[in-house]
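An overview of the molecular structure
Below are the chains, spelled out letter by letter.
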Amino acid sequence: MKSFGQKSWMLPQPVLIIGTFDKNGKPNAMNAAWGGQWDAKEIMIAMGAHATTENLNNCPDFTVAFATQETMVASDFVGIVSAKNNADKIAKTGWRYEKSENVNAPVFTDFPMTLECRIKEKIDESEEGYYIVAEIVNILVDEKYLTEDGKPDVEKMQLITYDPVHHGYIALGQRVGNAFADGKQLFCN
């Protein structure tokens, strides 16, 4: 095996779109790749010094949408353009939004699934940013992405993952097995 030393290559990395309102109620979004499930009802995200970070300092509420093949170009755009420098950032994406009913943040309706969240804790806060641990207040899923049992169909969503090695986006594929079931085959051996 070839050794690469320390890299930020945890795979797969979700492409998270963080939605906030600024102090004037204007929606903002940023692309964040460094986040994940923290606990059963909590997530963790590494935040740098962004307009979104300033918004979170004013209000602890935000949304997290999962980028898809369809939203990829605009999702990348909100990761490379700051609201500090481009006041029309959201208008350029073409995304539609509505105010969340559960938190004070925008829900971008172009995404199949959105987490409505509230910060519980900031860790290692500095001028460069901080890590947030947030409670998942509610989960919204567009009904066209539900299966017959009424639960989200992850395959239909066409989610993407960030490739930190080659700085690309990879489409997530099809179901290949059954968790908490397929491994039982080895019990008989």
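Scroll up to find the structure.
The structure contained in this document is the topic of the report that follows. Quick caveat: nothing in here was measured; it's all calculated off a predicted structure.

Secondary structure summary: the protein chain contains four helices and twelve strands in total. In terms of C-alpha radius of gyration, the protein chain reaches 18 Å, essentially the compact-globule figure of 16 Å for 189 residues. Counting only C-alpha atoms and orienting by the principal axes, one finds that the protein chain spans roughly 60 × 45 × 30 Å. Of all 189 residues assigned to the protein chain, the portion counted as buried reaches 39%. Of all intrachain contacts in the protein chain linking residues separated by at least 6 positions in sequence, the fraction that spans at least 24 positions is 57%. If you sum the accessible surface of the protein chain, you get close to 11900 Å²; carbon and sulfur atoms cover 51% of it.

Right, let's talk about helix H1 (residues 51–58) for a bit. Those residues of H1 that fall on the buried side of the exposure criterion are Ala-51, Thr-52, Thr-53, Asn-55 and Leu-56. Packing partners of the buried residues in H1 comprise strand S2 (16–21), strand S3 (27–32), strand S5 (42–47), strand S6 (61–66), strand S9 (113–126) and strand S10 (129–141).

Quick notes on the rules
Numbering of residues begins from 1 in every chain and follows the order in which that chain's sequence is written. Reporting of local features is limited, given that this is a predicted model, to residues whose pLDDT is at least 70; pairs of side-chain atoms are given and counted only at 80 or more, and all residues count toward the totals for whole chains, interfaces and linings. With hydrogens and water excluded, all non-hydrogen atoms of the structure serve as input to the side-chain values. In this text, helices come from DSSP runs of H or I with a minimum length of four residues, and strands from runs of E with a minimum of two, each type numbered from the N-terminal end. Atoms counted for the radius of gyration: C-alpha only. Globule rule: 2.2 Å times residue count to the power 0.38. Categorising residues by exposure relies on relative accessible area from a 1.4 Å probe, with only protein chains included: less than 20% of the type maximum marks a residue as buried, more than 50% marks it as exposed, and the intermediate range marks it as partly exposed. A contact between two residues is defined here by any heavy atoms of the two lying within 4.5 Å. All accessibility values rest on the Shrake-Rupley procedure with a 1.4 Å probe; residue burial counts only the protein chains present in the view.

These figures capture arrangement, not role.
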